[in-house]
Amino acid sequence: MEVVLERIEESLDAALGKAGVKRERLAGLGIASPGAVDVVRGIVPNAPQLPGWQDVPLARLLEERFGLPTLLENDASAAALGEHRFGAGRGSRHMLYITVSTGVGGGIIIDGDLYRGKSGAAGEMGHVIIDMNGPACGCGARGCLESLASGTAIAKRGEELAESGDSPILARLRKEEGPVTAEMMERAATMGDAASREAFRQAGHYFGVALAGFVNVFDPEVIVIGGGVAKAGDLLLEQARVTMESLAMTQPLKGVRLAVSELGEFAGAMGMVARLREEAEG
Ligand SMILES: [Zn+2]
């Protein structure tokens with residue numbers, strides 16, 4: 001644990017150095033951490049990537065180390081807040097944020113505030129089940145959105161296409177660059193590869209099924225899409241929109257805006273800036 005705290009201190013100092021800002025000028029620290037977090041007590045219950053981390057009071061440990069007020073938030077929730085306060089969701093009251101990268105995550109803004117649920121685990125949009133007989137998901141269920149439309153799922157389909165000979169372009173790129181990635185398939189699609197294009201369309205369809213469900217449940221004004229795979233833009237989102245519009249109920253669908261993230265990889269950091277500022281203002 002000490003090692004992780006040292007790393008945090010090192011990267012903080014590196015970032016400050018780069019920005020030309022002294023530590024004394026900091027007003028607080030914000031940590032956006034993966035997985036469910038106990039926001040009120042500032043505790044990370046468990047960190048899958050860090051063995052041995054059980055109920056770590058991360059906020060208090062950092063407060064002691066740096067002498068600064070420290071807030072903790074789930075990473076996707078922090079990104080949702082960032083997009084709501086400073087990005088593509090500005091001015092809305094009800095907003096959903098969905099990030100599509102290696103996995104699929106999300107955050108929920110209701111009446112202008114983050115909705116976290118009873119344990120801090122709300123917003124796991126990637127684990128809504130689309131196909132009960134679908135592929136196994138990392139969470140233990142089958143056919144979750146993440147298992148069908150994440151960057152990992154799309155790349156897995158790409159490997160099949162390269163292997164089977166259905167996509168000569170992907171087969172060539174794989175030979176030159178290594179294992180197929182969603183980003184590689186995006187390039188293949190723009191080079192005219194119909195099989196890659198179809199893989200994105202299929203993932204977009206699953207994504208649209210999930211979006212229709214979210215629209216019916218939350219009746220949001222805007223759904224902000226972020227994460228690396230969102231950069232594929234219309235390759236994924238065009239079909240997602242068509243499917244969403246064909247499946248969602250009329251009333252909640254009316255006026256829903258699908259928007260691409262404006263803050264990109266800085267969404268989470270900006271969300272923590274918003275939280276620190278709002279906390280300080282009371
Ligand atoms: Zn799952």
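Please read all numbers here as calculations on a predicted model, not as lab measurements.

**A word on the overall build of the protein**
So, step 1. Helix and strand content of the protein: eleven helices and nine strands.
So, step 2. Compactness check: the protein gives a C-alpha radius of gyration of 20 Å against a globular reference of 19 Å for 282 residues, within 12% of the reference.
So, step 3. Reported as C-alpha extents along the three principal axes, the dimensions of the protein are approximately 60 × 50 × 35 Å.
So, step 4. Split into buried and exposed, the 282 residues of the protein put 47% on the buried side.
So, step 5. A fraction of 63% describes how many contacts in the protein between residues 6 or more apart in sequence connect residues 24 or more apart.
So, step 6. Carbon together with sulfur atoms contributes 53% to the accessible area of the protein, which is approximately 14400 Å² in total.
So, step 7. The average position of the 28 basic charges and that of the 38 acidic charges among the side chains of the protein differ by 1 Å.

**Here we look at the pattern of salt bridges**
So, step 1. Scanning the model with the defined rule gives 19 salt bridges in all.
So, step 2. Between arginine 23 and aspartate 13 there is a salt bridge, with its nearest N and O atoms 3.1 Å apart. Placement of the pair is arginine 23 in the loop between helix 1 (2-19) and strand 1 (29-33) and aspartate 13 in helix 1, with a sequence separation of ten residues.
So, step 3. Take arginine 23: its relative accessible area is 30%, and that puts it in the partly exposed class.
So, step 4. The salt bridge partner of glutamate 163 is arginine 174, with a shortest N-O separation of 3.3 Å. Taken as a pair, glutamate 163 in helix 5 (residues 151-164) and arginine 174 in helix 6 (residues 168-177) lie far apart in primary sequence, eleven residues in all.
So, step 5. On the accessibility criterion, glutamate 163 (58% relative accessible area) is exposed.
So, step 6. Relative accessible area serves as the criterion here: at 24%, arginine 174 is assigned to the partly exposed category.

**Observations concerning the packing of helix 3 (residues 75-86) against helix 11 (residues 267-281)**
So, step 1. Close contact between helix 3 and helix 11 brings their axes to 6 Å; oriented N to C, the two are set at 75°. Comparing their axes, helix 11 and helix 3 come out roughly perpendicular. Between helix 3, through Ala78, Ala79, Leu81, Gly82, Glu83, Arg85 and Phe86, and helix 11, the contact on the second element is made entirely by Ala267, Gly268, Met270, Gly271, Met272, Ala274, Arg275, Arg277 and Glu278.
So, step 2. In terms of residue class, the contact of helix 3 with helix 11 is built from eight nonpolar, three polar and five charged.

**Some thoughts on the coordination of the zinc ion**
So, step 1. Only His127 (ND1), Cys137 (SG), Cys139 (SG) and Cys144 (SG) from the protein coordinate the zinc ion, and they sit 2.0 to 2.3 Å from it.
So, step 2. If you look at the zinc ion, its four donor atoms make angles of 103 to 121° with each other, and the shape they trace is tetrahedral.
So, step 3. Counting gaps between the donor residues of the zinc ion yields the pattern H-x9-C-x1-C-x4-C.

**Digging into the side chain of serine 33**
So, step 1. Looking at where serine 33 falls in the secondary structure, it is placed in strand 1.
So, step 2. Judged by its relative accessible area of 10%, serine 33 is buried.
So, step 3. Excluding residues that lie within four positions of it along the chain, serine 33 makes contacts with Val44, Leu72, Glu73, Asn74 and Asp75.

**What about the domain arrangement of the protein?**
So, step 1. The domains assigned to the protein are domain 1 (2-77 + 267-281) and domain 2 (90-261).
So, step 2. The interface is formed by seven residues belonging to domain 1 together with ten residues belonging to domain 2.
So, step 3. With both chains or domains summed, domain 1 and domain 2 bury close to 670 Å², and 53% of this area falls on carbon and sulfur atoms.
So, step 4. When the area that domain 1 buries against domain 2 is broken down by residue, the three leading residues are Ala36, Ala76 and Ser77, summing to 54%.
So, step 5. At the boundary of domain 1 and domain 2, one finds one salt bridge.
So, step 6. As a salt-bridge pair, glutamate 73 and arginine 116 come within 2.7 Å of each other at their nearest N and O atoms.
So, step 7. Inspection of the region where domain 1 meets domain 2 yields one residue pair in polar contact (both at pLDDT 80 or more).
So, step 8. Looking at the side of domain 1 that touches domain 2 residue by residue, the classes come out as four nonpolar, one polar and two charged.

**Regarding the sheet that holds strand 7 (residues 113-115)**
So, step 1. Strand order across the open sheet formed by five strands is 7-6-5-8-9, with mixed pairing between neighbours. In the strand order of this sheet, the two ends are held by strand 7 and strand 9 (257-260), each with one partner. Sheet twist, expressed as the average angle between the axes of neighbouring strands with direction ignored, equals 25°.
So, step 2. Two strands pair when backbone bridges link them, and strand 8 (residues 222-226) and strand 9 are joined in this way by four bridges, in the parallel orientation. Paired with valine 224 across the strands is alanine 259, a residue of strand 9.
So, step 3. Of the strands in this sheet, strand 5 (95-100), strand 6 (104-110), strand 8 and strand 9 touch helix 8 (residues 194-218), which is tilted by about 160° from strand 5.

**So, the environment of alanine 194**
So, step 1. On the secondary structure map, alanine 194 appears in helix 8.
So, step 2. Each C-alpha atom, one on alanine 194 and one on serine 167, is 7.9 Å from the other, the two residues being 27 residues apart in sequence.

Conventions adopted
- Residues numbered from 1 in each chain as written.
- Predicted model: local features only at pLDDT ≥ 70, side-chain atom pairs only at ≥ 80, totals over all residues.
- Heavy atoms only, no water.
- Helix = DSSP H or I, 4+ residues; strand = E, 2+ residues; numbered from the N terminus.
- Rg over C-alpha atoms; globule rule 2.2 N^0.38 Å.
- Buried < 20%, exposed > 50% of the residue type's maximum accessible area, 1.4 Å probe, protein only.
- Contact = heavy atoms within 4.5 Å.
- Areas by Shrake-Rupley, 256 points an atom, 1.4 Å probe, with all protein chains shown as cover.
- Lys, Arg positive; Asp, Glu negative; His and termini not counted.
- Charge placed at Lys NZ, Arg CZ, Asp CG, Glu CD.
- Salt bridge = Lys/Arg side-chain N within 4 Å of Asp/Glu carboxyl O.
- Axes fitted to C-alpha atoms, helices over the stretch in contact; angles between N-to-C directions.
- Parallel < 35°, antiparallel > 145°, perpendicular 65-115°, else oblique.
- Nonpolar A, V, L, I, M, F, W, Y, C, P; charged D, E, K, R; others polar.
- Donors = N, O, S within 2.8 Å, 3.2 Å for Na, K, Ca; no water.
- Tetrahedral: all angles 85-135°; square planar, octahedral: opposite > 155°, others 65-115°.
- Domains from an automatic or database assignment.
- Buried area = accessible area lost by both parts, 1.4 Å probe.
- Polar contact = N/O pair within 3.5 Å; in protein donor to acceptor, adjacent residues only side chain to side chain.
- Pairing = 2+ DSSP bridges.

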